[in-house]
Amino acid sequence: MTPVRALLAALTCLALTACGGTDAAAFPEGSTIERIRERGVLTVGIKFDYPLLGFKEPASGRITGFDAEIARLVARDLTGSERNIRFVETMPSHREDFLRQGVVDIVVATYSITPARQEVVSFTDPYYVAAQDLLVRAAETAIDDVRDLDGRTVCTATGSTSAERLRGLVPGAELVIVDTYSECVPALVAGRIDAISTDDTILLGLLNRNPEGLKLVGKPFGPEPYGIGVPKDDAVFRDHLNGLIAGYLRDGRWDRAFRDTIGVTGATPGRARPTPAPAEPAR
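Scope of this entry: the structure provided in the associated data block. (Residues numbered from 1 in each chain as written. Predicted model: local features only at pLDDT ≥ 70, side-chain atom pairs only at ≥ 80, totals over all residues. Heavy atoms only, no water.)

Overview of the packing of aromatic side chains
In step 1: Under the criterion given, the structure shown has ten aromatic pairs.
In step 2: Geometrically, the ring pair formed by Trp254 and Phe258 is stacked, given 5.6 Å between the ring centres and 10 degrees between the ring planes. Taken together, the residues span about one helical turn, with Trp254 and Phe258 both in helix 10 (residues 253-260) at a distance of four residues.
In step 3: A relative accessible area of 3% places Phe258 in the buried class.
In step 4: Put simply, the rings of Phe66, Tyr127, Tyr128, Tyr226, Trp254 and Phe258 touch in pairs and so form one group of aromatic residues.
In step 5: Note that Arg209 overlies the ring of Phe55, its terminal NZ or CZ placed 4.1 Å from the centroid. (Phe/Tyr/Trp six-rings, centres within 6.5 Å; stacked < 30°, edge-to-face > 60°. Helix = DSSP H or I, 4+ residues; strand = E, 2+ residues; numbered from the N terminus. Buried < 20%, exposed > 50% of the residue type's maximum accessible area, 1.4 Å probe, protein only. Lys NZ or Arg CZ within 6 Å of the ring centre and 35° of its normal.)

Structural notes on unusual backbone geometry
In step 1: The residue Thr110 is not glycine, and still its phi comes out positive at about 40 degrees.
In step 2: Looking at where Thr110 falls in the secondary structure, it is placed in the loop between strand 6 (106-107) and helix 5 (115-118).
In step 3: Positive phi values are uncommon outside glycine, yet Asp233 reaches one of about 65 degrees.
In step 4: Inspection of the secondary structure puts Asp233 in the loop between strand 14 (229-230) and helix 9 (235-251).
In step 5: We classify Asp233 as exposed; its relative accessible area is 60%.

With respect to the side chain of Thr261
In step 1: Examined against the element boundaries, Thr261 turns out to sit in the segment after helix 10.
In step 2: Ignoring anything within four residues of it in the chain, the contact list for Thr261 reads Leu52, Gly65, Phe66 and Glu69. (Contact = heavy atoms within 4.5 Å.)

Observations regarding the environment of Arg165
In step 1: Note that Arg165 resides in helix 6 (residues 161-169).
In step 2: The residues touching Arg165, leaving out its near neighbours within four places in the chain, are Gln132, Phe221, Gly222, Pro223 and Glu224.

Focus on the nonpolar core
The nonpolar side chains of soluble globular proteins are, as a tendency, buried together.
In step 1: Core analysis: the largest hydrophobic core is formed by 57 residues, its most contacted members being Phe66, Ile106, Tyr128, Ile196 and Ile228.
In step 2: If you look at the next biggest cluster of nonpolar residues, it comprises twelve residues, including Leu134, Ile143, Val170 and Phe221. (Core = buried A, V, L, I, M, F, W, Y, C linked by side-chain atoms within 4.5 Å.)

Looking at helix 9
In step 1: The terminal C-alpha atoms of helix 9 lie 24 Å apart, and with 17 residues this matches the ideal 24 Å at 1.5 Å per residue to within 8%.
In step 2: Residues of helix 9 that are buried in the fold lie against helix 2 (32-39), helix 3 (66-79), strand 6, strand 14 and helix 10. (Expected span 1.5 Å × (residues − 1).)

Some details on the sheet that holds strand 2 (residues 49-50)
In step 1: Reading across the sheet, the three strands line up as 2-3-4 and stay open at both edges, with antiparallel pairing between neighbours. Of all strands in the sheet, those with a lone pairing partner are strand 2 and strand 4 (63-64), marking the two edges.
In step 2: Where strand 3 (residues 54-56) and strand 4 come together, two bridges link them in antiparallel fashion. Directly across from Phe55, in strand 4, lies its bridge partner Thr64. (Pairing = 2+ DSSP bridges.)

Quick notes on the side chain of Thr180
In step 1: Within the secondary structure, Thr180 sits in the loop between strand 10 (174-178) and helix 7 (184-190).
In step 2: Within the local environment of Thr180, its side chain forms a polar contact with the side chain of Asp49, the two groups lying 3.2 Å apart.
In step 3: Residues contacting Thr180, with those up to four places away along its chain left out, are Asp49 and Met91. (Polar contact = N/O pair within 3.5 Å; in protein donor to acceptor, adjacent residues only side chain to side chain.)

Concerning the state of the cysteines
In step 1: Tallied over the full model, the rule gives one disulfide.
In step 2: Across the disulfide, Cys155 is cross-linked to Cys184 (sulfur-sulfur distance 2.1 Å). Measuring handedness by torsion sign, the sulfur bridge of Cys155 and Cys184 sits at about -70 degrees and is left-handed. Of this pair, Cys155 sits in strand 9 (residues 153-157) while Cys184 sits in helix 7; the two residues are 29 residues apart in sequence, bridging distant segments of the chain.
In step 3: By relative accessible area, which is 2% here, Cys155 ends up buried. (Disulfide = S-S within 2.5 Å.)

Here's the deal with the pairing of strand 11 (residues 195-199)
Residues in a regular strand project their side chains so that they alternate between the two faces of the sheet.
In step 1: Counting buried residues in strand 11 gives five out of five residues, a clear majority hidden from the surface.
In step 2: With four bridges joining them, strand 8 (residues 128-137) and strand 11 adopt antiparallel strand pairing. Bridged to Asp133 within strand 11 is Thr198.
In step 3: In terms of strand pairing, strand 9 meets strand 11 through two bridges, oriented parallel.

Things to note about helix 8 (residues 200-209)
In step 1: Counting buried positions over the ten residues of helix 8 gives eight, a clear majority of the element.
In step 2: Those residues of helix 8 that sit buried are Asp200, Thr201, Ile202, Leu203, Leu204, Gly205, Leu206 and Leu207.
In step 3: Buried residues in helix 8 make contact with strand 2, strand 8, helix 7, strand 11, strand 12 (214-216) and strand 13 (221-226).

Take a look at the structure:
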């Protein structure tokens, strides 16, 4: 480590201690956390086109949304400032590859925890619990439940769990698979498809941008626990992040992040708020 980097690491350690973070000395040289602190920047894979979750504002270029706020909290704890963060646009089909290839340190991108994905990457405890739902045209009266999609055309994204669940629940639905859900909205408004199906939080963000022409069916099915994705078997990093998430849930930071993002629609946390893990006893 160069003298300059050593000084920066020491200053970061002091900042983290003042903020209640974990002493950097607890992590060996070469560990993921030590590399992030030495670099001074947390690299995060996130969506750029999911309003309320991960969205790149056209005017400012700032990444906004609940996922972005959770990522900024992590950046502050690991580097001393939420500004020490670099967001990388990450499509659903890219999440595992970006972690395996080291393109990003973590993925915070509506990343549902599934057994298949856990074969490739590791996940933290859930920081949010969504459920799958349907978005339809405001004048639609024939679709009131997922079973009503039989024989209809439904748009969802590649690499998501939504398509798998739809195939199991409604094998007669015709699925249109796209890269991003923003591609589904014009097709739904124009009548080329009958519905969009994915996590209710994602649909709420799309609805927030198109309030006049669309509506949420409001009959959720299938839980979707979101975890922060980390490289496979990096247990030290994962466990440290688990401690941070539990802290956010206990001290009100999770609630503030929700209030300032998803909460602007009038939504309340409800079942979306996980129960934090018990705090470790003081030593």
